[in-house]
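# Fold and contact review
For reference, the chains in residue letters:
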Amino acid sequence: MIYPICFLLLFIFSLAERVRRKRGKGAGKKELPVEPRPSPISEALGELLAVAGGIYLALLMAVSFLGLEIPDRIRLGSLLLEPLAALSVVLALLQPWLARLWFRCW
């Protein structure tokens, strides 16, 4: 029961951080858009899925290249997940804070 709640909280905070970063980039613009624009939440969700997909493909290629044996499914509480997909989603959810930490340190 704790895993879905932790995942949901991490998901919400990650989307909020992505929306905050998007709003910070265009804060000086006060003109009306000519065409309909997607909302900051839809852009953040699309970015989250794109990052998770890229991480998943990179992990899949690395596992295939190295010939690693990984289990088909792992159990987290009552959930059965594919390990590479679960890892890629978790890394994508953590990515906004890791990027902020990276830019602060360097």
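About the criteria used
Residues numbered from 1 in each chain as written. Predicted model: local features only at pLDDT ≥ 70, side-chain atom pairs only at ≥ 80, totals over all residues. Heavy atoms only, no water. pLDDT = per-residue confidence, 0-100. Helix = DSSP H or I, 4+ residues; strand = E, 2+ residues; numbered from the N terminus. Salt bridge = Lys/Arg side-chain N within 4 Å of Asp/Glu carboxyl O. Buried < 20%, exposed > 50% of the residue type's maximum accessible area, 1.4 Å probe, protein only.

### Digging into the confidence of the model for the chain
- Of the residues in the chain, 90% reach a pLDDT of 70 or more, and the chain-wide mean stands at 85.
- The element-level mean pLDDT for the chain is lowest in helix α1 (residues 2-25), coming to 82, with helix α2 (residues 40-66) highest at 93.

### Details of the pattern of salt bridges
- Counted according to the given criterion, the structure contains three salt bridges.
- As a salt-bridge pair, Arg100 and Glu17 come within 2.3 Å of each other at their nearest N and O atoms. Of this pair, Arg100 sits in helix α3 (residues 83-105) while Glu17 sits in helix α1, and the two are 83 residues apart along the sequence.
- A residue is classified by how much of its surface remains accessible, and Arg100, at 29% relative accessible area, is partly exposed.
- Classification of Glu17 as buried rests on a relative accessible area of 7%.
- The salt bridge involving Arg18 is made with Glu47; its shortest N-O contact spans 3.1 Å. One end of the pair, Arg18, is in helix α1; the other, Glu47, is in helix α2, with 29 residues separating them in the sequence.
- The exposure class assigned to Arg18 is buried, which follows from its relative accessible area of 1%.
- A single salt-bridge network, built from bridges that share partners, covers Glu17, Arg20 and Arg100.

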